[in-house]
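For reference, the chains in residue letters:
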Amino acid sequence: MFGIGHMNHHAYATASAAAAAAVCGGVTPCGSGRGRRALSSFTLLFSRCSNNYNNNTNCINNENKKNTSINDAAATQVRSPDLVALEYADLHLPHKIGEVGHVRIRQHVNPLSASLSVPAEVPNWNQVFRDSTLPLMVDIGSGNGRFLVWLAKRSPETKNYLGLEIRHKLVERAQFWVKELALGNIYFMFANATVSFEQLVSTYPGPLAFVSILCPDPHFKKRHHKRRVVQKHLVDSVLKHLRPGGQVFIQSDVLDVALDMRNQFDARADILQHIDDVDQGECVNLCDAEGWLLSNPMGIRTEREIHAEFEGARIYRRMYQKR
Ligand SMILES: C[S@@+](CC[C@H](N)C(=O)[O-])C[C@H]1O[C@@H](n2cnc3c(N)ncnc32)[C@H](O)[C@@H]1O
């Protein structure tokens, strides 16, 4: 068993409700010291639920009544959207932006529905990026988009960033932020990645350097697994277009989803090498005995990751490199 305290359906829904309340924010093991210090009191306060992976299933499922007063107190002091706000505070994103400021979203959409099966129109890459020859990172299922905006702002001259997201309103709001921050190296597209990834990356003028698939919608029921974003033809496309040395980063707070993705990428060991020692500047990330990366190597956690860790979930991560 890989398993320590993975999320069940109920716990996932709880964290998702917090995510839907979207504000902005957070800190990672590789994040700024300032943020980490700011979070330390929260971490102490919530150590029962946030840091004890071994006990988290009990924590979430069995101790609810016993912990009511603790949770009530916690709820009045901090919520996971506040942690998101803190983690992404440096972006200074406007909180309310008129029509698209408060985005209420349904839990999951069905990517197999007819309306979402239409391939996205390929944009004019020279219009969406300042320099369309730069290496490209694609984030599949970019959600609210803060994670990718944060990366793009940090590397304005060296990489382009493309977020693919199936919820229109999230794309609209993320693009609003891109314009507000006047970033010329990031673009969010309304696209069903399973349908459009191949055509989009094959028309991009520069090399495909990095693909991330972070906390994809779990579609728990077995009969709905075909709705999951990582399907064989998507994996084939990623491997086909990734440049040699390019990387794939996957993670999920749902063990079954993480294993599903992992099995599909591990199966291509002829092309992809699993990296268990990711050295990205200031932090070296090692794996546990099961081959899961112990921490996030990106320098910042995704929003879903923040909500899930706040609920006590463990994040299962793998990083691969094309041979
Ligand atoms: C649980 S959220 C995670 C968002 C973000 N990656 C994070 O970690 O915070 C999954 C996102 O993937 C999007 N999504 C699901 N299926 C998709 C598909 N086929 N193509 C593009 N986006 C998809 C959903 O709309 C949702 O915003």
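Residues numbered from 1 in each chain as written. Predicted model: local features only at pLDDT ≥ 70, side-chain atom pairs only at ≥ 80, totals over all residues.

The protein goes by tRNA (guanine(46)-N(7))-methyltransferase in an unreviewed UniProt entry, where it is assigned to Macleaya cordata. According to the UniProt record, the Catalytic activity (unreviewed entry) comment for the protein reads "guanosine(46) in tRNA + S-adenosyl-L-methionine = N(7)-methylguanosine(46) in tRNA + S-adenosyl-L-homocysteine". (UniProt positions renumbered as here; feature names shortened; annotations may be inferred.)

Counting 67 residues, the largest nonpolar core has Val138, Ile140, Val149, Leu164, Ile213 and Val248 as the members making the most contacts within it. The biggest single contributor to this core is helix α8 (residues 146-154), with six residues. (Core = buried A, V, L, I, M, F, W, Y, C linked by C-beta atoms within 7 Å. Buried ≥ 20, exposed ≤ 12 C-beta atoms within 10 Å, placed from the backbone. Helix = DSSP H or I, 4+ residues; strand = E, 2+ residues; numbered from the N terminus.)

Taken together, the neighbourhood of the ligand is formed by 22 residues, with Gly141, Gly143, Ala193, Thr302 and Arg304 sitting nearest. Elements with a minimum of two residues in the shell around the ligand: β2 (160-165), α10 (193-203) and α13 (303-310). Per-element accounting of the shell around the ligand gives the leading share, three residues, to α13. Looking at the shell around the ligand residue by residue, the class counts come to ten nonpolar, six polar and six charged. (Near = placed C-beta within 6 Å. Nonpolar A, V, L, I, M, F, W, Y, C, P; charged D, E, K, R; others polar.)

It is worth spelling out unusual backbone geometry at this point. Here His92, not a glycine, exhibits a phi torsion of approximately 50 degrees, which is positive. One can find His92 in the loop between α6 (80-87) and α7 (125-128). His92 sits in the exposed class, given 10 other C-beta atoms within 10 Å. You will see that His219, though not glycine, has its phi angle at about 40 degrees, which is positive. You can see His219 is positioned in the loop between β4 (208-214) and α11 (232-241).

On to the environment of Gly143, then. Turning to its location among the elements, Gly143 is positioned in the loop between β1 (136-140) and α8. Apart from the residues lying within four places of it in its own chain, the contact partners of Gly143 are Glu165, Leu170, Glu303 and Arg304. (Contact = placed C-beta atoms within 7 Å.)

Our focus in this paragraph is α8. Counted residue by residue, α8 has seven buried out of nine residues, so it is predominantly covered. Along α8, the residues classified as buried are Arg146, Phe147, Leu148, Val149, Trp150, Leu151 and Ala152. Packing partners of the buried residues in α8 comprise β1, β2, α9 (168-180), β3 (186-190) and α13.

The strand order β3-β2-β1-β4-β5-β9-β6 describes an open sheet built from seven strands, whose pairing is mixed. The open sheet terminates on both sides in strands that have one partner only, identified here as β3 and β6 (272-275). Averaged over all pairs of adjacent strands, the angle between their axes in this sheet comes to 20 degrees, without regard to strand direction. Set on the sheet, α9 makes contact with β2 and β3; between it and β3 the angle comes to about 160 degrees. Its contacts with the sheet place helix α12 (residues 255-266) against β4, β5 (242-252), β6 and β9 (316-322), and it is angled at close to 160 degrees to β5. (Pairing = 2+ DSSP bridges. Axes fitted to C-alpha atoms, helices over the stretch in contact; angles between N-to-C directions.)

Each regular strand displays side chains that alternate between the two surfaces of the sheet. In terms of burial, β4 is a largely internal element, five of the seven residues being buried. The handedness of the β4 to β5 crossover, carried by α11, is right-handed. (Right-handed = clockwise from strand over helix to strand, strands pointing away.)

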